[in-house]
Amino acid sequence: MILIDGKLTSQQIKEEIKSKVESMTSSGLRAPHLVAILVGNDGASETYVGNKIRTCAEVGFKSTLLRFDSGLTEEELIAEIHKLNDDEEVDGFIVQLPLPKHIDVHHITAAIDPAKDVDGFHPVNLGRMTEQLPAYIPATPKGIMQLLERYKIETAGRHCVVIGRSNIVGTPMSILLSRNAYPGNCTVTLTHSRTENLKEIARQADILVAAIGKPYFVTADMVKEGAVVIDVGMTRVPAPELKQGFKLAGDVDFKAVAARCSYITPVPGGVGPMTIIGLLQNTLLAAQHRIYPAHVRQ
Ligand code: NAP
């Protein structure tokens, strides 16, 4: 069994990004600039946004965190988004999810200029990804694709089972793995909470991607001998023995499953660190106008 080390891979890619930023700035260009919008003070969101801002600094990006209290209205948030769409000093921005219930996430996503949508959630980017046109790919699936690539995992003709069909992980993952590319060319089965015989289907997977949010859901009897297992799950479970009182649990029963796998990602240290990498790469592409060249501003 080979452990897919997302932490190490993310460190290597960060160094690569950092050197690209250094060549940009030494040739007189400004550093890429990412803005994050945080509405309310959800604990996990604070942590995720804090990590994104800190990682920007590590690679030499400029970053700005815009905080608003949870009473912000949808109209006010859309007005902030329009300001960022028009701000030539901002290459890309994200609105940290989840949003308070009175704000419709679809309205917010649609208000973002696709050329600055570095989360890749805008329908234009999702459509372009499906058509295999240049697009911002959602950060988590983008990170997973790079793990498959860097570990030289064969994907063509393999049966991939994705568990979970969210717009940010499961669905884009299933599209990317079925595209005519490497990594890709898989035969993909996308499963969800209404899937019947999930255990039997999962057991047919050469590559199993679990993105459910249910700790230890994937047990050894759901995994084929020699499968590649990618664990996206990241749920806080109580851990009174630890200072912070919780730990992160994946969707896979790691100890039991690892013994059957050819490759597996751990939690933490697998997919998690690669998600921030996907966001940094999208922001770099935005600063270089690589996805939407027509948007080059004079
Ligand atoms: P989500 O929006 O809650 O979607 C969960 C998906 O799992 C849904 O499609 C749901 O099916 C499916 N599901 C739930 N129970 C199931 C069951 N018993 N059998 C089969 N499918 C089931 O979650 P998400 O945003 O995709 O996130 C999933 C997990 O990944 C979470 O733990 C999250 O924290 C983690 N995550 C990690 C990263 C990272 O950087 N590592 C990034 C993003 C998310 P229905 O559609 O039928 O409801």
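For the structure itself, consult the block above.
Conventions used here
Throughout, a residue's number is its position along its own chain's written sequence, starting from 1. Local features in a predicted model are, by the rule used here, given only for residues with pLDDT of at least 70; side-chain atom pairs are given and counted only at 80 or more, and totals for whole chains, interfaces and linings are based on all residues. With hydrogens and water excluded, all non-hydrogen atoms of the structure serve as input to the side-chain values. Only DSSP runs of H or I covering at least 4 residues are called helices, and only runs of E covering at least 2 are called strands; the numbering of each starts at the N terminus. Atoms counted for the radius of gyration: C-alpha only. Globule rule: 2.2 Å times the number of residues to the power 0.38. Burial here depends on accessible area, computed with a 1.4 Å probe over protein chains only, as a share of the maximum for the residue type. Under 20% is buried, over 50% is exposed, and the range in between is partly exposed. Contacts: residue pairs with any heavy atoms within 4.5 Å of one another. Angular values range over 0 to 180 degrees, each being the angle between N-to-C directions of two axes fitted as lines to C-alpha atoms, with helices fitted over their stretch in contact. Small angles under 35 degrees read as roughly parallel and large ones over 145 as roughly antiparallel, with 65 to 115 read as roughly perpendicular and the rest as oblique. Crossing handedness: left-handed means the near helix sits turned counterclockwise from the far one by under a right angle, and right-handed means the same turn made clockwise. Any residue outside Ala, Val, Leu, Ile, Met, Phe, Trp, Tyr, Cys, Pro, Asp, Glu, Lys and Arg is labelled polar, Gly included; the first ten of those are nonpolar and the last four are charged. Polar contact criterion, stated in full: a pair of N or O atoms within 3.5 Å, where within protein one must be able to donate a hydrogen and the other to accept it, and residues adjacent in sequence count only if both atoms are side-chain atoms. We define a salt bridge as a side-chain nitrogen of Lys or Arg found within 4 Å of a carboxyl oxygen belonging to Asp or Glu. Each residue after the first adds 1.5 Å to the expected span of a helix. Note on pairing: DSSP must find at least two bridges between two strands before they are called paired. We call a crossover right-handed when, viewed with the strands running away from us, the connection from the first strand over the helix to the second turns clockwise.

Topic: the overall build of the protein
Phase 1 of the analysis: Counting secondary structure elements, the protein contains ten helices and eleven strands.
Phase 2 of the analysis: A compact globule built from 298 residues would reach a C-alpha radius of gyration of about 19 Å, and the protein, at 19 Å, matches this within 12%.
Phase 3 of the analysis: Across its three principal axes, the protein shows a C-alpha extent of roughly 55 × 40 × 35 Å.
Phase 4 of the analysis: Of all 298 residues assigned to the protein, the portion counted as buried reaches 49%.
Phase 5 of the analysis: Partitioning the intrachain contacts of the protein with sequence separation of at least 6 by distance along the chain shows that 70% fall at a separation of at least 24.

Some thoughts on the packing of helix α2 (residues 43-59) against helix α10 (residues 271-287)
Phase 1 of the analysis: Between α2 and α10, the least distance of the axes is 10 Å, while the angle of their chain directions is 60°. Our classification of the angle between α2 and α10 gives oblique. The interaxial crossing formed by α2 with α10 has right-handed handedness. Contacts between α2 and α10 involve Asn51, Lys52, Thr55, Cys56 and Val59 from the first element and Ile276, Leu279 and Leu280 from the second.
Phase 2 of the analysis: Of the residues that constitute the contact of α2 with α10, the class distribution is five nonpolar, two polar and one charged.

Considering the environment of serine 23
Phase 1 of the analysis: Here serine 23 shows up in helix α1 (residues 6-26).
Phase 2 of the analysis: Residues serine 23 and tyrosine 182, 159 residues apart in the sequence, show an inter-C-alpha distance of 28 Å.
Phase 3 of the analysis: A polar atom in the side chain of serine 23 sits 2.9 Å from the backbone oxygen of serine 19.

A short note on the pattern of salt bridges
Phase 1 of the analysis: Counted according to the given criterion, the structure contains ten salt bridges.
Phase 2 of the analysis: Glutamate 89 is paired through a salt bridge with arginine 30; the nearest N and O atoms lie 3.7 Å apart. Here glutamate 89 is found in the loop between α3 (74-86) and β4 (92-95), whereas its partner arginine 30 is found in the loop between α1 and β2 (33-39), with 59 residues between them in sequence.
Phase 3 of the analysis: On the basis of relative accessibility, which here comes to 46%, the residue glutamate 89 falls in the partly exposed class.
Phase 4 of the analysis: Under the relative-accessibility criterion, arginine 30 is labelled partly exposed at 35%.
Phase 5 of the analysis: For glutamate 80, the salt bridge is made with lysine 83, and the minimal N-O distance between the two is 3.2 Å. Here glutamate 80 and its partner lysine 83 are both found in helix α3, three residues apart, which amounts to about one turn of the helix.
Phase 6 of the analysis: Judged by its relative accessible area of 18%, glutamate 80 falls in the buried class.
Phase 7 of the analysis: The network of salt bridges with shared partners includes Arg30, Glu89 and Asp91.

Comments concerning helix α6 (residues 139-150)
Phase 1 of the analysis: If you check α6, its first and last C-alpha atoms are 16 Å apart, about what twelve residues at 1.5 Å a residue would give, namely 16 Å.
Phase 2 of the analysis: With ten of its twelve residues buried, α6 lies for the most part within the structure.

Concerning the pairing of strand β3 (residues 62-68)
Phase 1 of the analysis: Two strands pair when backbone bridges link them, and β2 and β3 are joined in this way by seven bridges, in the parallel orientation. Bridge pairing in β3 places valine 39 opposite phenylalanine 68.
Phase 2 of the analysis: Crossover handedness for the path β2 to α2 to β3: right-handed.

Observations regarding the sheet that holds β3
In a beta sheet, neighbouring strands are held together by backbone hydrogen bonds and run either parallel or antiparallel to one another.
Phase 1 of the analysis: Strand order in the open sheet made by the three strands is β3-β2-β4, with parallel pairing throughout. Each edge of the sheet is formed by a strand with only one pairing partner; in this case those strands are β3 and β4. For this sheet, the mean angle separating the axes of adjacent strands, direction not counted, is 15°.

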